[in-house]
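# Observations on the three-dimensional arrangement
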Amino acid sequence: MDATRADLLMRVDGMTCDGCAAAVTRTVKRLDPAAEVQVDRPTGQVAIRTDAQALAIADALAKAGYTATAMTG
C-alpha cells in the first residue's frame, strides 16, 4: 500500500443526479487515476482514497461546478 494515499471525506453540493455523481468521480480520477471514489449522492458525501491533495480535489470540483468541502470523520 502506498504510504502517501489518504482517505478523504468531502461534502459535495450540487449533485442532483447520477450523471453528476459520475462527473464528480471523473473529476477526481483526472487528478489521480488510481483513486477510489465512493459517491453517496443523497447525502452529498464523497469518500475518496487518493494520493491527490484535498485542496486540489476541491478546486477541480469547483471548476466542474460543484462546491466541495472537507469533512472531519
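Please read these numbers as outputs of a predicted model, since none were measured by experiment.

Our focus in this paragraph is helix α2 (residues 54–63). Helical periodicity: at 3.6 residues per turn, an α-helix aligns residues three or four positions apart in one direction. Looking only at α2, the buried set comprises Ile57, Ala58, Ala60 and Leu61. Relative to the axis of α2, the buried residues are bounded by an arc of 165 degrees and lie together on one face. Exposed residues pointing more than 90 degrees away from the buried face of α2 are listed as Leu55 and Lys63. Along its buried surface, α2 packs onto β1 (6–13), α1 (18–31), β3 (45–50) and β4 (67–70). Looking one or two residues past α2, Gly65 carries a phi angle of roughly 100 degrees, positive in sign.

Here we take up the state of the cysteines. Per the stated rule, a full pass over the model turns up zero disulfides. Here Cys17 stays free of any disulfide, with the sulfur of Cys20 as its closest cysteine sulfur at 3.6 Å. What makes Cys20 buried here is its relative accessible area of 11%.

Below, the discussion takes up the pairing of β1. Pairing of β1 with β3 involves six bridges; the strand directions are antiparallel. Following the sheet pairing, Ala6 is matched in β3 by Thr50. Bridging between β1 and β4 involves four bridges; their strand directions are antiparallel. Within the sheet, the bridge partner assigned to Met10 lies in β4 and is Ala70.

Turning to the environment of Ala70, a few remarks are in order. Along the chain, Ala70 turns up in strand β4. In this view, Ala70 contacts Leu9 and Met10; residues no more than four positions away in its chain are not counted.

Quick look at the side chain of Asp32 now. Summarising the element assignment, Asp32 is placed in the loop between α1 and β2 (36–40). For Asp32, a relative accessible area of 7% corresponds to the buried category. At 2.7 Å, the side chain of Asp32 and the side chain of Thr50 are in polar contact. In this structure, Asp32 is in contact with Arg5, Thr50, Asp51 and Ala52, ignoring residues within four places of it in sequence.

Definitions and limits used
- Residues numbered from 1 in each chain as written.
- Predicted model: local features only at pLDDT ≥ 70, side-chain atom pairs only at ≥ 80, totals over all residues.
- Heavy atoms only, no water.
- Buried < 20%, exposed > 50% of the residue type's maximum accessible area, 1.4 Å probe, protein only.
- Helix = DSSP H or I, 4+ residues; strand = E, 2+ residues; numbered from the N terminus.
- Arc of directions from axis to C-beta.
- Contact = heavy atoms within 4.5 Å.
- Disulfide = S-S within 2.5 Å.
- Pairing = 2+ DSSP bridges.
- Polar contact = N/O pair within 3.5 Å; in protein donor to acceptor, adjacent residues only side chain to side chain.

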